[in-house]
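Descriptive structure summary
Chain by chain, the residues:
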Protein chains: 2
Amino acid sequence: MNLDRTHDPARRSWVSSANGHSEFPLQNLPYGVFQRGSGVHVGVAIGDMILDLTVLENLGRIKVGDVPVFQAGELNAFMARGPADWHRLRVVLSDLLDVASAPPEEEILFEQTAARMNMPFYVRSFTDFYASRAHAANVGAMFRGAENALMPNWLHLPVGYNGRASGVVVSGTAVRRPTGQVLQQGSTTPVYAPTMRLDMEVELGAVVGTATEGGGTLTPTQADEAIFGYVLLNDWSARDLQLWEYQPLGPFLSKAFATTISPWVVTRDALAPFRTPIPPKEHALLPYLASDEPLGFDIAMEASLVPGAGAPLSLCQTNAKHLYYAPGQMLAHLASSGAPICTGDLLGSGTISGPDDSSLGSLLEITENGTQPLRFPDGQERAFLEDGDQISITGRCTGPYSIGFGSCDGAIQAAHLP
Amino acid sequence: MNLDRTHDPARRSWVSSANGHSEFPLQNLPYGVFQRGSGVHVGVAIGDMILDLTVLENLGRIKVGDVPVFQAGELNAFMARGPADWHRLRVVLSDLLDVASAPPEEEILFEQTAARMNMPFYVRSFTDFYASRAHAANVGAMFRGAENALMPNWLHLPVGYNGRASGVVVSGTAVRRPTGQVLQQGSTTPVYAPTMRLDMEVELGAVVGTATEGGGTLTPTQADEAIFGYVLLNDWSARDLQLWEYQPLGPFLSKAFATTISPWVVTRDALAPFRTPIPPKEHALLPYLASDEPLGFDIAMEASLVPGAGAPLSLCQTNAKHLYYAPGQMLAHLASSGAPICTGDLLGSGTISGPDDSSLGSLLEITENGTQPLRFPDGQERAFLEDGDQISITGRCTGPYSIGFGSCDGAIQAAHLP
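Residues numbered from 1 in each chain as written. Chains lettered and ligands numbered in written order. Predicted model: local features only at pLDDT ≥ 70, side-chain atom pairs only at ≥ 80, totals over all residues. Heavy atoms only, no water.

It is worth spelling out the overall build of chain A at this point. Regarding its fold elements, chain A presents eight helices and 26 strands. Dimensions along the principal axes, computed over C-alpha positions, put chain A at roughly 70 × 50 × 35 Å. When each of the 418 residues of chain A is scored for burial, the buried share is 62%. Sequence-distant contacts in chain A: of pairs separated by 6 or more residues, those separated by 24 or more amount to 72%. About 14,900 Å² of surface is accessible on chain A, with carbon and sulfur atoms providing 52% of the total. (Helix = DSSP H or I, 4+ residues; strand = E, 2+ residues; numbered from the N terminus. Buried < 20%, exposed > 50% of the residue type's maximum accessible area, 1.4 Å probe, protein only. Contact = heavy atoms within 4.5 Å. Areas by Shrake-Rupley, 256 points an atom, 1.4 Å probe, with all protein chains shown as cover.)

Right under this line is the structure:
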């Protein structure tokens, strides 16, 4: 991907809060959807403000193709337009917000703190991968023993499963503790009870823009180009439900109650300066999956636990560059058998764990399956999440300039009584 | 469920083809979506005709609630209305088509043979279960050995996984042979090749009408009532892809390329006379899943293989009554952890295999994993499906009257070259 003037680190905006340490400088321009009065509008984050694209399009100040794309309260119509239109609008918005332009007279800016963010796009399907080698090895060892930790297929393909698109919620949505079947230790008969092992998973989510037609396949580079942008993703997991239910058809209700994403879709275009090579492969990949392109991303991610009472505790610092398979490879694999790829398909990376103890992306790994509880400075302990706990995931890219993803937050509500 | 005059076996229609041996007598009235000129209309099958509900609603001859529900080319708006409205319209249509009524003057009938059927509803999610004990035991033994055939969880919950809603297609849609990673015998390195073990699975599909709100749970009886109707379903499966990819997260691309459903949704209401008790349970189910109600269905199902050249071969005669878990129990389980249930969710039963050799619902079982090929009278053999083969599944209920499901057909096209 070429860098152009939209990536120029020297450019500044007339929205003064965008210049400085904002996650949303002029070089970022992520897309989101927010409530404005009784309407649901599409906007772009700039500093601590939102540029209202729904209003701009209504005013005729921006135009993408022949029909409006920002009037339906979701990004899908715009995402379906494809990379050329995405880039054209990025240039227009970058110029419009540049300090060299005059601030427009209309009411096109809205304060982020006053905005209630909605789901940015309609999720057509949610597929979750398992693409961090450290995570797959750590969890595999706990569930199946060290000798069966990494299955033989893992080094040849990005292992994944289909999740539940209707369970994806936007940051800030409360997460109800799920109830389900668990097999208590020493028993052979399950009980139906609220999960006692509620976990988070730190993931990167890739949002598909352009659809395939008629079961067409994609090279990893083509797949990378079909991805509109990226969000932070928390794949909430009930470990006790998972252990009991997952054989032989995979995780099901243990991950179906909620998946949280951050509200701003950071575009592929904005992430161009933060590309990294994919980690070297132990076995050569088959040609349909192999790539020499730098399809990875250097995105520093951090998860924190904010207890109902007391100060937050940092849980991990990890990085998307640890992923063994890049998002473009995940999507190329998904398309490889003829599965239709649709606008709004969401691909989770799987928990991103790095090589060391401070970079583990799930409590399952951090607390060694609950045996080594976390200790807060005030004496509180956590093996898994308690009611009232909030998990916040943040992401940041640092290079010629620095951009952020905003925050992916969810707080745990008590279970409904069975 | 009460039987009422819409179930009266003595009633006849002024559509004469509905009286006799039609799958679609006055007592059935299944819903489908068809192409009419440049429009996409909702209709009800009656004999060899389709009653056009989109036109009837436009004419003001039928009315469901305050806003039109049959103008969007899919059943979802009507399905979301709930059981009271479903039943009210059934009574209206039953009376309208009764021989005692005068045939209307308008052009509201359309010949089925002239109709191109579309997907009857927008599939919000597709969840596939594994609820036939014989099938789970047969396949488990082949994939994991006899001692691990039935996992410990199987007798306590309906095991399932999420499929790909965007891959569900209507009967008559060609199915492209998928290409994917397979591990050839004796090798430790996979190749990317067209599947050599393409299979069908005979299933019943349950179509959710009414959604849950806010992660609400459902009893099996409530879940049964939330199901609008049923279709025949063929869960195409690439067994070689499946064997290599499915551990530890379950089937993925091996079942993502296509799932075929029959075009007519036979309503829960129409199936009322064909209820059966659920098979007795080896272990008592937990209260959220247990039911003494007759939530099963006596639906005789048959699959045939129609080769590109030569006469069709019947593959199996099975019955939905063999399912260990009823559709209402599958949906109750899906809702039990707080997963949202949406209008248009489709639940596959899993392959329905019965206790004897003539009632096996997949080629994997029929040919004993390909080792005992089928023999056609003309000498052709099949271990798995070849290009040009068509699978047709039919379903029929026989009791005070007899109704059918129409046909669920798909023919195999050659793979795209990798």
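Attention now goes to the interface of chain A and chain B. Taken together, the contact pairs 60 residues of chain A with 60 residues of chain B. When chain A packs against chain B, close to 5,100 Å² is buried across both sides, 59% of that on carbon and sulfur atoms. Of all residues in chain A, A:Arg164, A:Leu249 and A:Phe252 bury the most surface against chain B, accounting for 16% of the area lost on that side. Linking chain A with chain B are two salt bridges. The interface formed by chain A and chain B includes 27 residue pairs in polar contact (both at pLDDT 80 or more). Tallied by class, the residues present in the side of chain A that touches chain B amount to 32 nonpolar, 23 polar and five charged. (Buried area = accessible area lost by both parts, 1.4 Å probe. Salt bridge = Lys/Arg side-chain N within 4 Å of Asp/Glu carboxyl O. Polar contact = N/O pair within 3.5 Å; in protein donor to acceptor, adjacent residues only side chain to side chain. Nonpolar A, V, L, I, M, F, W, Y, C, P; charged D, E, K, R; others polar.)

The subject of this paragraph is the domain arrangement of chain A. Residues and elements named next belong to chain A. By domain assignment, chain A separates into domain 1 (5–118) and domain 2 (125–413). The gap between the C-alpha centroids of domain 1 and domain 2 is 28 Å. A combined buried area of about 2,200 Å² lies between domain 1 and domain 2, and 67% of that area is made up of carbon and sulfur atoms. Counting across the domain 1 and domain 2 interface gives one salt bridge. Between Arg-90 and Asp-269 there is a salt bridge, and its shortest N-O distance comes to 4.0 Å. Connecting domain 1 to domain 2 are nine residue pairs in polar contact (both at pLDDT 80 or more). Those elements that place two or more of their residues in the side of domain 1 that touches domain 2 are strand S1 (31–36), strand S2 (39–46), helix H2 (76–79), helix H3 (83–97) and strand S5 (116–118). With four residues, H3 is the largest single contributor of residues to the side of domain 1 that touches domain 2. Within the side of domain 1 that touches domain 2, the residues separate by chemical class into 16 nonpolar, 12 polar and two charged. (Domains from an automatic or database assignment.)

This brings us to helix H4 (residues 133–144) of chain A. Residues and elements named next belong to chain A. In this model H4 runs 16 Å from its N-terminal to its C-terminal C-alpha over 12 residues, within 8% of the 16 Å that 1.5 Å per residue would give. Along H4, the positions that sit buried rather than exposed are His-135, Ala-136, Val-139, Gly-140, Phe-143 and Arg-144. The buried side chains of H4 occupy one side of the element, clustering within an arc of 120 degrees when seen end-on. Looking one or two places after H4, you find Gly-145, whose phi comes out positive at around 90 degrees. (Expected span 1.5 Å × (residues − 1). Arc of directions from axis to C-beta.)

Residues and elements named next belong to chain B. Ordered in space as S9-S26-S25-S20-S21, the five strands form an open sheet in which the pairing is mixed. Only two strands of the sheet have a single neighbouring strand rather than two, namely strand S9 (175–176) and strand S21 (313–319). Sheet topology places strand S20 (residues 300–306) next to strand S25 (residues 390–398); seven bridges connect them, and they run antiparallel. Bridging from a neighbouring strand, Met-301 pairs with Gly-395 of S25. (Pairing = 2+ DSSP bridges.)

Let us now look at the relation of the copies chain A and chain B. Rotating chain A by 180 degrees and translating it 0.0 Å along the rotation axis places it on chain B, where the RMSD comes to 0.0 Å. When the rotation and shift are considered jointly, the pair of chain copies conforms to a two-fold rotation axis. The rotation axis passes nearest to the C-alpha of A:Gly250 in chain A, at a distance of 2.1 Å. Most of the interface of chain A is mirrored in chain B, where 100% of its interface residues again form contacts. (Least-squares fit on C-alpha atoms with pLDDT ≥ 70 in both.)

All names here are of chain A. Per the counting criterion, the structure on display carries 38 salt bridges over all chains. Its salt-bridge partner being Asp-224, residue Arg-268 comes within 2.7 Å of it at the nearest N-O pair. One end of the pair, Arg-268, is in the loop between strand S17 (266–267) and strand S18 (275–276); the other, Asp-224, is in helix H5 (residues 220–226), with 44 residues separating them in the sequence. In terms of burial, Arg-268 and Asp-224 fall into one category: buried. When salt bridges with common partners are traced through the structure, they connect Asp-199, Glu-201, Asp-235, Arg-239 and Lys-255 into a single cluster.

Let's shift gears to the pairing of strand S1 (residues 31–36) of chain B. Two faces belong to every sheet, and in a regular strand the side chains alternate between them. All names here are of chain B. Here S1 lies mainly inside the structure; five of its six residues are buried. Looking at chain direction, S1 and strand S2 (residues 39–46) are connected through six bridges and run antiparallel. Following the sheet pairing, Phe-34 is matched in S2 by His-41. Between S1 and S2, which follow one another and run antiparallel, lie two residues, and Gly-37 among them has a positive phi close to 60 degrees.

Further remarks concern unusual backbone geometry. Residues and elements named next belong to chain A. Put simply, Gln-247 and Pro-248 share a cis peptide bond, and its omega is 5 degrees. Position of Pro-248 among the secondary structure elements: in the loop between helix H6 (239–245) and strand S16 (259–261). We note that Glu-368 has phi near 50 degrees; this positive angle belongs to a residue other than glycine. Residue position: Glu-368 is located in the loop between helix H8 (363–366) and strand S23 (374–375).

In this section: the packing of aromatic side chains. Enumeration according to the criterion identifies 28 aromatic pairs over all chains in this entry. Centroid distance B:Trp86 to B:Phe228: 5.1 Å. Interplanar angle 80 degrees. Geometry classified as edge-to-face. One end of the pair, B:Trp86, is in helix H3 (residues 83–97); the other, B:Phe228, is in strand S14 (residues 227–234), with 142 residues separating them in the sequence. Taken together, A:Tyr31, A:Phe70, A:Phe78, A:Trp86 and A:Phe228 form an aromatic cluster joined through their ring pairs. Cation over ring: A:Lys281 sits above A:Tyr325, and NZ or CZ is 5.6 Å from the ring centre. (Phe/Tyr/Trp six-rings, centres within 6.5 Å; stacked < 30°, edge-to-face > 60°. Lys NZ or Arg CZ within 6 Å of the ring centre and 35° of its normal.)

Let us now look at the environment of A:Gly209. Inspection of the secondary structure assignment puts A:Gly209 in the loop between strand S13 (202–208) and H5. As for A:Gly209 and A:Leu323, which are separated by 114 residues in sequence, their C-alpha atoms are 22 Å apart.

Residue and element names in this part refer to chain B. Of all eight residues making up S2, seven are buried, and the element is well covered by its neighbours. In terms of strand pairing, S2 meets strand S3 (residues 49–52) through four bridges, oriented antiparallel. Counted as the bridge partner of Ala-45 is Ile-50 from S3. Between S2 and S3, which follow one another and run antiparallel, lie two residues, and Gly-47 among them has a positive phi close to 60 degrees.

Residue and element names in this part refer to chain A. One can find Pro-25 in the segment before S1. Separated by 161 residues in sequence, Pro-25 and Gly-186 have C-alpha atoms that sit 55 Å apart. In contact with Pro-25, not counting residues within four places along its chain, are Ala-18, Ile-46, Ser-402 and Ile-403.

What follows concerns the side chain of A:Arg177. Residues and elements named next belong to chain A. Note on placement: Arg-177 falls in the loop between strand S9 (175–176) and strand S10 (179–182). Look at Arg-177 and you get buried, because its relative accessible area is 10%. Of note is the side chain of Arg-177, whose polar atom sits 2.9 Å from the backbone oxygen of Thr-195. Those residues in contact with Arg-177 that lie beyond four places of it in its chain are Pro-194, Thr-195, Leu-198, Leu-385, Glu-386, Asp-387, Ile-412, Gln-413, Ala-414 and Ala-415.

Moving on, we come to the sheet that holds strand S5 (residues 116–118) of chain B. Residues and elements named next belong to chain B. The five strands lie next to each other as S4-S3-S2-S1-S5, forming an open sheet whose pairing is antiparallel. Strand pairing shows two members of the sheet lacking a second neighbour, strand S4 (109–111) and S5, which therefore form its edges. Taken pair by pair, the neighbouring strands of this sheet meet at an average axis angle of 50 degrees, ignoring direction. Across three bridges, S3 lies against S4 in antiparallel orientation. Among the inter-strand pairings, Met-49 is bridged to a residue of S4, identified as Glu-111. Taken strand by strand, H3 contacts S1, S2 and S3, and its axis lies near 120 degrees from that of S3. (Axes fitted to C-alpha atoms, helices over the stretch in contact; angles between N-to-C directions.)

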